[in-house]
Amino acid sequence: MFSTENGFENALTGVYIQMKDENLYGKTLTMDFTENLAQHWKVNASSIEGYTSVFDYKNASVESLIDDIYTSFYSTIVNINNLLSFVDNGVLSSNIYDLVKGEALGLRAFLHFDLLRLYGPIPGKQTNSKILAYAQKVSRGNLPVHTWQEYITFLEKDLNDAEELLSKVEQKGIENDFFAYRQNRMNYWAVLALKARFYLWTQNKEKAAEYANKVIGGKKFKLSQSADFTNKDYIASSEHLFSMHVYDLEEITENYFYQGGGVQQTKILIEKDLFQNDVTDIRKRELWKQVKETSSTRFVLMKYKQGEAVVASKEQIPLIRLYEMYLIAIECSDDATIYQPLIDELVHARNISLDMTDADINKKNVFVVDEYNKEFYGEGQQFYQNKRRNDETIKWSNIPGSESVYVLPLPKNEIKYNE
């Protein structure tokens, strides 16, 4: 396979296909499991979704799902490492080399980071204990398990190396058709955004702001406006820094959201509690609809609704968006001359009626917390925000946030390697 450029391209395509699997970002880690952890769906208490929503990780079905997610992560990573073990064999021309290796390292960092966000300790609560393996090679033997500091050092190096390689590509431009549709691939801007997310997680606000502002200041992407949502670009495609193209998304989402019995949320919780009766917010107006069915009425998130009218955002699941970079930049600055213009842009883009002019530090921080929940509903990001902040109160849950809530258990057959 690795004797030709086409072989490397096929191997890299295989990694993206694995990431689109329903056990990873095709469903479980975007609209399903992580959303149930965030209390975003109304659930049957005696179902796997119900057990997930009360953080019953010892339930056999939930435990099995958590194990499957873990396995899917490392299964994907091993294929990245297999590619990387051959990438320096002299087959690839310089431009293709930078692309293939840069994307592979960026993807390895992306997957390891989400492993850390799920199975790793609460930021600021880490110890010197071994937590997870940062897999960097293909081996039949057991991989070494690393401490938090070791793990994030390896992760940061992958991000730095990916940034350096993909920055060369960004400067030269891309002439190979295989590497088109950069938003659906691990590209230079996605690496910068992932670094902003990573530094925020590791509590380095200065570096997080630096990289978030690099993305914003690059002006390669723009905030979606009210007219975009009205025109059924529900997923804000102009903001996608990295997204998955899922060819059967309509089938997945019709079954999960839009056919009778699909996931829903209580109307009053969304309108009055989440959006605080904001009648102008374009997200409340366009992304939430009341659907009447034969035996019931459901309040449904339209974010993933497909169809002929959906063009720009068709078959897309966002993984990192520009809106998040704004929230990181706002959160990481206490200088009103820096954060206020960014807030103003978000307020205008989403037509928010809340008066955010001259916001003090406390008000802007509350704004950021609320916006994560409103903006990324159905995208699998809210649980990570609760964990990152070590929130004791989780919206719509009567279970306090704690280590037993925020740290997913490792598969039982992995625990012995962490001792």
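Structural data are supplied above this passage.
Thresholds, definitions, all that
Per-chain numbering applies: the sequence of each chain, read as written, is numbered from 1 onward. Totals for whole chains, interfaces and linings use every residue, but because this is a predicted model, local features are given only for residues with pLDDT of at least 70 and side-chain atom pairs only at 80 or more, for both listing and counting. Values shown for side chains rest on all heavy atoms present in the structure; no hydrogens or waters enter the calculation. Under the DSSP-based scheme used, a helix requires at least four consecutive residues in state H or I and a strand at least two consecutive residues in state E, with every element numbered from the N terminus. For this measure, only C-alpha atoms enter the radius of gyration; the expected value for a globule follows 2.2 Å times N^0.38, where N is the number of residues. Think of it in three bands: with a 1.4 Å probe and only protein chains considered, a residue is buried below 20% of the maximum accessible area for its type, exposed above 50%, and partly exposed in between. Contacts: residue pairs with any heavy atoms within 4.5 Å of one another. By the counting rule applied here, Lys and Arg register as positive and Asp and Glu as negative, while His and the ends of each chain are not counted. Charged groups are reduced to one reference atom each: NZ for lysine, CZ for arginine, CG for aspartic acid, CD for glutamic acid. Comment: axis = line fitted to C-alpha atoms, over the contacting stretch for helices; angle = value between 0 and 180 degrees taken between N-to-C directions. Angle categories are assigned with fixed cut-offs, so that under 35 degrees is roughly parallel, over 145 is roughly antiparallel, 65 to 115 is roughly perpendicular, and the rest are oblique. Handedness of a crossing is defined here by the sense of rotation of the near helix relative to the far one, left-handed for an anticlockwise turn of less than a right angle and right-handed for a clockwise turn. Charged means Asp, Glu, Lys or Arg here, nonpolar means Ala, Val, Leu, Ile, Met, Phe, Trp, Tyr, Cys or Pro, and polar covers whatever is left, Gly included. When DSSP locates at least two bridges between a pair of strands, those strands are taken to pair. Side-chain atoms within 4.5 Å link the members of a nonpolar core, which is a set of buried Ala, Val, Leu, Ile, Met, Phe, Trp, Tyr and Cys residues. By definition, a salt bridge exists where a carboxyl oxygen of Asp or Glu is found within 4 Å of a side-chain nitrogen of Lys or Arg. The aromatic pairing rule takes the rings of Phe, Tyr and Trp, using the six-membered ring of Trp, and pairs them if the centres are within 6.5 Å, calling planes under 30 degrees apart stacked, those over 60 edge-to-face and the rest tilted.

If you had to explain the overall build of the chain to someone new, which residues and values would you point to?
Looking only at helices and strands, one finds 17 helices and 6 strands in the chain. Taking 2.2 N^0.38 as the reference for a compact globule, 419 residues should give roughly 22 Å; the C-alpha atoms of the chain span a radius of gyration of 21 Å, in line with that estimate. The principal-axis extents of the C-alpha atoms in the chain amount to approximately 60 × 50 × 45 Å. Per-residue burial for the chain yields a buried fraction of 56% across its 419 residues. Partitioning the contacts of the chain with sequence separation of at least 6, the portion at a separation of at least 24 is 71%. In the chain, the 47 positive side-chain charges and the 59 negative ones have mean positions that sit 1 Å from each other.

Requested: an account of the packing of helix H1 (residues 5-19) against helix H4 (residues 60-86), with residues and values cited.
Two numbers describe how H1 lies on H4: the axes approach to 9 Å, and their chain directions differ by 165°. Here H1 is positioned roughly antiparallel relative to H4, judged by the angle of their axes. Note on packing geometry: the crossing formed by H1 with H4 is left-handed. The segment H1 lies against H4, with Phe8, Ala11, Leu12, Val15, Gln18 and Met19 engaging Ser75, Thr76, Asn79, Ile80, Leu83 and Phe86. Considering only residue class, the contact of H1 with H4 consists of 8 nonpolar, 4 polar and no charged.

How would you summarise the pairing of strand S3 (residues 240-245) if you had to cite specific residues and measurements?
Within S3, 5 of the 6 residues are buried, leaving the element largely enclosed by the surrounding structure. As paired strands, S3 and strand S6 (residues 316-321) are joined by 5 bridges and run antiparallel to one another. Within S6, the position partnered with Phe242 by the bridge is Ile320.

Describe in detail the nonpolar core, supporting the description with residues and values.
The biggest cluster of nonpolar side chains holds 139 residues, and the ones touching the most others in it are Tyr25, Tyr119, Phe242, Met325 and Phe383. Take this core: its biggest share by element is 14 residues, from helix H5 (residues 94-119). Excluding its chain neighbours within four sequence positions, the residues that come into contact with Tyr25 are Met19, Thr30, Phe73, Phe110, Leu111, Asp114, Met244, Ile317 and Leu319.

Hey, could you go over the pairing of strand S5 (residues 297-301) for me, with residue numbers and the actual values?
The element S5 is extensively covered by neighbouring structure, given that 4 of its 5 residues are classed as buried. What sits between the antiparallel neighbours strand S4 (residues 288-292) and S5 is a turn of 4 residues.

Help me get a handle on the packing of helix H14 (residues 336-350) against helix H15 (residues 361-375), residues and values and all.
At a minimum axis separation of 12 Å, H14 and H15 run at an interaxial angle of 35°. Seen along the crossing, H14 lies across H15 with a hand that is left-handed. Taking contact as the criterion, the partners of Tyr339, Ile343, Leu346, Val347 and Arg350 in H14 are, on H15, Ile361, Lys364, Phe367 and Glu375. Tallied by class, residues from the contact of H14 with H15 come to 6 nonpolar, no polar and 3 charged.

Run through the pattern of salt bridges, naming residues and quoting values.
By the definition in use, this model includes 31 salt bridges. One salt bridge in this structure joins Glu239 and Arg321, with 2.7 Å as the shortest N-O distance. Remark: Arg321 occurs in strand S6 and Glu239 occurs in the loop between helix H9 (226-230) and S3; sequence separation between them is 82 residues. On the basis of relative accessible area, Glu239 is assigned to the buried category, the value being 0%.

Could you give an account of the side chain of Glu331, naming the residues involved and the relevant values?
Within the fold, Glu331 resides in helix H13 (residues 322-331). Once residues within four sequence positions are removed from consideration, Glu331 is found in contact with Leu200, Lys205, Lys364, Asn365, Val368, Tyr372 and Arg388.

Residues and numbers for unusual backbone geometry, please.
Positioned with a positive phi, Gln203 is a non-glycine residue whose angle comes to about 65°. Note on placement: Gln203 falls in the loop between helix H7 (188-201) and helix H8 (205-218). Judged by its relative accessible area of 51%, Gln203 is exposed. Phi angles above zero are rare outside glycine, and Lys219 is one such case at about 55°.

Got a sec to walk through the environment of Gln264? Specific residues and values, please.
Along the chain, Gln264 turns up in the loop between helix H10 (249-258) and helix H11 (267-274). Note: C-alpha distance between Gln264 and Leu301 (37 residues apart in sequence) is 7.2 Å. Filtering out sequence-adjacent residues up to four positions away, Gln264 remains in contact with His40, Trp41, Lys42, Thr297, Arg298 and Phe299.

Could you give an account of the packing of aromatic side chains, naming the residues involved and the relevant values?
Throughout the structure, instances matching the rule amount to 26 aromatic pairs. Their ring planes at 85° and their centres at 4.9 Å tell us that Trp288 and Tyr377 sit as a pair that is edge-to-face. Of this pair, Trp288 sits in strand S4 while Tyr377 sits in the loop between H15 and helix H16 (382-389), and the two are 89 residues apart along the sequence. Here Tyr377 falls in the buried class, since its relative accessible area comes to 1%. A connected cluster of aromatic rings, assembled from ring pairs, spans Trp41, Tyr256, Phe257, Tyr258, Trp288, Phe299, Tyr304 and Tyr377.

Tell me what's going on with the environment of Ile270, and back it up with residues and numbers.
With respect to the helices, strands and loops of the structure, Ile270 is situated in helix H11. Counting along the chain gives 14 residues from Ile270 to Lys284, while the straight-line C-alpha distance between them is 8.0 Å. If near-sequence neighbours (up to four positions away) are discounted, Ile270 is found in contact with Gln265, Phe275, Trp288, Phe299, Tyr377 and Trp396.

Describe in detail H10, supporting the description with residues and values.
Extensive coverage of H10 is indicated by the burial of 7 of its 10 residues. Contact partners of the buried residues in H10: helix H2 (33-37), S5 and S6.

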